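In case you want the letters, here they are:
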Amino acid sequence: MSTKIQTSKAPAAIGPYSQAIVTGNLIFTSGQIPLDPDTGLLTGTTITEQTHQVCKNLEAVLSAAGSSLQHAVKTVCFLSDMADFAQFNEVYARYFTEKPARSCVAVKVLPKGALVEVEVIAEKE
């Protein structure tokens, strides 16, 4: 049996999906882009600003699911430009201190023109 996660502390889904699904001891988040949870608008114009917002959104979703970034076991990261890789890593490392397994790929375009999107698989606390 799985449980859908919904919190107002993270942006509402912009499509037919849940912010996260809990099944067993694992939490699977949907990809988060840098949307302000209050306005639904894109936050920041730089990869640094946008990565901070993405990580804050992921913190909120994982918290609502009974976990945290420290319990992440895998992340999948999407960048609109690999030239942003070093700056992205700088911010990412501040939030994902336990260094989960990770994939990071460049994509042609992200929803709403975002520069970054990240999804997480985490264990419940």
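Above this text you will find the structure in question.
My aim in this report is to walk through the structure given alongside it, one point at a time. (Residues numbered from 1 in each chain as written. Predicted model: local features only at pLDDT ≥ 70, side-chain atom pairs only at ≥ 80, totals over all residues. Heavy atoms only, no water.)

Regarding the packing of aromatic side chains
In step 1: All chains considered together, the criterion is met by two aromatic pairs.
In step 2: Ring centres of Phe 88 and Tyr 92 lie 5.5 Å apart, and the angle between their planes is 40°; on these two criteria the pair is classed as tilted. A residue pair is termed a helical-turn pair when its members lie 3 or 4 positions apart in one helix, as Phe 88 and Tyr 92 do in helix H2 (residues 85-95) at four residues.
In step 3: Under the relative-accessibility criterion, Phe 88 is labelled buried at 1%.
In step 4: Residue classification places Tyr 92 among the buried residues on the basis of a relative accessible area of 6%.
In step 5: Aromatic side chains Tyr 92 and Phe 96 sit 4.5 Å apart centroid to centroid with 20° between the ring planes, which places their arrangement in the stacked category.
In step 6: Through successive ring pairs, a cluster of aromatic residues spans Phe 88, Tyr 92 and Phe 96.
In step 7: When the ring centre of Tyr 92 is taken as reference, the NZ or CZ atom of Arg 102 above it lies at 4.7 Å. (Phe/Tyr/Trp six-rings, centres within 6.5 Å; stacked < 30°, edge-to-face > 60°. Helix = DSSP H or I, 4+ residues; strand = E, 2+ residues; numbered from the N terminus. Buried < 20%, exposed > 50% of the residue type's maximum accessible area, 1.4 Å probe, protein only. Lys NZ or Arg CZ within 6 Å of the ring centre and 35° of its normal.)

Topic: the pairing of strand E4 (residues 72-79)
In step 1: With respect to burial, E4 is a largely interior element, six of its eight residues being buried.
In step 2: With seven bridges joining them, E4 and strand E6 (residues 116-123) adopt antiparallel strand pairing. Bridging across to E6, Ala 72 finds its partner in Ala 122.
In step 3: When E4 meets strand E5 (residues 101-106), the two strands line up parallel, connected through six bridges. Note on E5: the bridge partner recorded for Phe 78 is Val 105.
In step 4: Regarding the hand of the β-α-β motif, the stretch spanning E4, H2 and E5 is right-handed. (Pairing = 2+ DSSP bridges. Right-handed = clockwise from strand over helix to strand, strands pointing away.)

A look at helix H1 (residues 47-64)
In step 1: Between the first and last C-alpha of H1 there are 26 Å, a value that for 18 residues agrees with the 26 Å anticipated at 1.5 Å per step.
In step 2: Burial in H1 covers these residues: Ile 47, Gln 50, Thr 51, His 52, Gln 53, Val 54, Cys 55, Asn 57, Leu 58, Ala 60, Val 61 and Leu 62.
In step 3: Elements in contact with the buried residues of H1: strand E1 (2-5), strand E2 (20-23), strand E3 (26-29), E4, H2 and E6.
In step 4: Just past H1, the residue Gly 66 takes up positive phi, approximately 90°. (Expected span 1.5 Å × (residues − 1). Contact = heavy atoms within 4.5 Å.)

Topic: the side chain of Glu 117
In step 1: Take Glu 117: it is sitting in strand E6.
In step 2: Of the side chains with opposite charge, Lys 112 comes closest to the buried, unpaired Glu 117, at an N-O distance of 12 Å.
In step 3: Once residues within four sequence positions are removed from consideration, Glu 117 is found in contact with Gly 31, Gln 32, Ile 33, Val 76, Cys 77, Phe 78, Leu 110 and Pro 111. (Lys, Arg positive; Asp, Glu negative; His and termini not counted. Salt bridge = Lys/Arg side-chain N within 4 Å of Asp/Glu carboxyl O.)

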